[in-house]
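What follows is the residue order along each chain.
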Amino acid sequence: VEVCRSEAAGAGSCTKGNEAMYLMDRAKLFMGLGQCGLAWEDMKVRRDIGSGSDAKVLQLMADVEMCAAEIERATAAFMVGDWSDARRYLDLAIPRTERALDLIFMRAQAAYHEFDFYGVVSDTGKVLKFEGKHMDALQLRGDAYTRLGEHDMALKHYKEALKFDPEHKGCKKGHKFVKAITKYDKRGDKSMKEGDHEQAIKYWWQAINHDVTHHEFVKTVLPKIVQSHTKLKDHDKAMEEAKKLIGIEETPNALYCLGDAQISAELFDEALQTFRRALEIAPTEEEKKIAQDKVKEAEAALKQSKEKNYYKILGVDRKATKKEIKKAYKDGALKWHPDKNPDNVEEAEKKFSEIAEAYEVLSDEELRGKFDRGEPVFENQGGPQQRGGPQFHFNGGGQRFHFNNGGGPRFHFRH
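A.B. asks: Explain the layout of surface pockets here, please?
C.D. replies: Empty space among the atoms becomes visible once a probe the size of a water molecule is rolled across them. Computed from the structure, the largest pocket encloses a volume of approximately 490 Å³. Surrounding the largest pocket, 21 residues form its lining, P223, Q227, Y256, C257 and D260 being those nearest its centre. Looking at the lining of the largest pocket, the elements that each hand over two or more residues are α12 (215–231) and α14 (252–264). The element that contributes the greatest number of residues to the lining of the largest pocket is α14, accounting for eight residues. Its residues placed into classes, the lining of the largest pocket shows nine nonpolar, five polar and seven charged. Looking at the second largest pocket, it is lined by 14 residues, and the ones nearest its centre are K231, V316, A320, E324 and K327. Taken together, the elements giving at least two residues each to the lining of the second largest pocket come down to α12 and α18 (322–335).

A.B. asks: Mind showing me how you'd approach the packing of helix α6 (residues 101–113) against helix α8 (residues 135–147) here?
C.D. replies: The geometry of a pair of packed helices is captured by two quantities: the angle between their axes and the separation between those axes. Two elements in contact, α6 and α8, have axes separated by 11 Å at closest approach and are oriented at 30°. In terms of orientation, α6 lies roughly parallel with respect to α8. Crossing handedness for the pair α6 and α8: left-handed. Judged by residue contacts, F105, A108, Q109 and Y112 of α6 engage D136, A137, L140, D143, A144 and R147 from α8. Of the residues assigned to the contact of α6 with α8, the class counts are six nonpolar, one polar and three charged.

A.B. asks: Even after reading the chapter, I still don't get the state of the cysteines, so can you show me in this structure?
C.D. replies: Each disulfide is one covalent bond, formed between the sulfur atoms of two cysteines. One pass over the full model with this rule turns up one disulfide. There is a disulfide in this structure between C36 and C67, and the S-S distance comes to 1.9 Å. Here the S-S torsion is close to 55°, and the disulfide linking C36 with C67 is therefore right-handed. Taken together, the residues C36 in helix α3 (residues 36–49) and C67 in helix α4 (residues 55–79) connect sequence positions 31 residues apart.

A.B. asks: Explain the packing of aromatic side chains here, please?
C.D. replies: Two measures describe an aromatic ring pair: the distance that separates the ring centres and the angle between the ring planes. Enumeration over the complete set of coordinates arrives at eight aromatic pairs. A ring pair is formed by Y329 and Y359, whose centres lie 4.3 Å apart and whose planes are at 20°; its orientation type is stacked. Here the residue Y329 occupies a position in helix α18, and Y359 occupies one in helix α19 (residues 345–362), the gap between them amounting to 30 residues. For the pair Y329 and Y359, a shared accessibility class is recorded, and that class is buried. Sitting over the ring of Y89, R88 keeps its end group 4.6 Å from the ring centre.

A.B. asks: Sorry, what's going on with the pattern of salt bridges here?
C.D. replies: Side-chain pairs of opposite charge can arise whenever the charged atoms involved come near each other. In this structure the tally under the stated criterion is 33 salt bridges. One salt bridge in this structure joins R96 and E70, with 3.0 Å as the shortest N-O distance. Here R96, found in the loop between α5 (83–93) and α6, pairs with E70, found in helix α4; they are 26 residues apart in sequence, far enough to count as distant. R96 sits in the partly exposed class, given a relative accessible area of 28%. For E70, a relative accessible area of 3% corresponds to the buried category. Across the salt bridge formed by D85 and R88, the nearest N and O atoms sit 3.0 Å from each other. Of the two residues, D85 and R88 are both situated in helix α5; the distance of three residues between them amounts to about one turn of the helix. By relative accessible area, D85 is classed as partly exposed at 25%.

About the thresholds
Residues numbered from 1 in each chain as written. Predicted model: local features only at pLDDT ≥ 70, side-chain atom pairs only at ≥ 80, totals over all residues. Heavy atoms only, no water. 1 Å grid on protein atoms, 1.4 Å probe; cavity = no way out; pocket = protein on both sides within 12 Å on 5 of 7 lines; lining within 4 Å. Points joined across faces, edges and corners; volume = space filled by probe spheres on them. Helix = DSSP H or I, 4+ residues; strand = E, 2+ residues; numbered from the N terminus. Nonpolar A, V, L, I, M, F, W, Y, C, P; charged D, E, K, R; others polar. Axes fitted to C-alpha atoms, helices over the stretch in contact; angles between N-to-C directions. Parallel < 35°, antiparallel > 145°, perpendicular 65-115°, else oblique. Left-handed = near helix turned anticlockwise from the far one by under 90°. Contact = heavy atoms within 4.5 Å. Disulfide = S-S within 2.5 Å. Phe/Tyr/Trp six-rings, centres within 6.5 Å; stacked < 30°, edge-to-face > 60°. Buried < 20%, exposed > 50% of the residue type's maximum accessible area, 1.4 Å probe, protein only. Lys NZ or Arg CZ within 6 Å of the ring centre and 35° of its normal. Salt bridge = Lys/Arg side-chain N within 4 Å of Asp/Glu carboxyl O.

This is the structure:
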């Protein structure tokens, strides 16, 4: 275009027709790159030259003018933090272009401010496809993955950027943040596995307190905190933390967390209402099935609370592991061994029998499943004496107590 104009000024061979064609071609290129303001300037000159305007020319002029206006409005909205309007006008302008990376990145930034992190991932991916070393896009994509709780992907993008610029402040900060919260989260998991629930809770709160607004991360950690408080039999605190989870977002999973804590606290009516609420808001048939099972579980627990409750007899939570059940059984059996209660043999024998029956049921997956669903555990509910079961022998150095339910494993306690 500039060469043609020089030739025209110097009485060269370039004609107005040539210049009009070049201006139109350059306008198309500008618009393809998202520089619609420059494209519009060329089209206005093209119009003033007046070398004919067919339908295609008129359509291009209209498209360029609209694109320029949309980008101008989007930029104005972006500058004042009106992210919704900025995205709306960019959504109109970008399809008119071919490779408007600056506009796509602007839309990604606006999406981040509106917490549309999937939109950020999508748009920054488009930018990085053409400019793999776009530092700001790498950081923004890493930040979006962080907010989505996809920490491995976040670290991947931060590390990629730091290869190009080891001192990039945004990526260094993001990388340090993710490493810190995942470190404390893993330490909490390790402590929980080792049975040190108090320390686990401390580590998890250290992770959360790095940024309490990181909700996707908090939603994965709070349920573990609730579980540890339940293991510590601090049921009030467990329910308090579960309610925080619901405060972030009322989802079926958050309600399950509270309902489970309520069942552990033997607040069966409250748990039933919580699970019914989960059933109301369950978005899919699969979720509805899970919620229905939870409702049945709470109904069974409520019914059992008014009858014989094997969990309560052993003093364990309904979510207790086999190891925890076995330990509770041994502790209870030793405590209520008739030899250790010579002044209260009748009550001891009754307690001992109940403990043995509870262990027989809860140590058997099939029987425990029936009990949890509120189904009859023994035929005609006649008790364990009507079926095969464990055989227990306790030698206390004095009186020998023998409890026999038929064939099965034997347990011997000597003290």
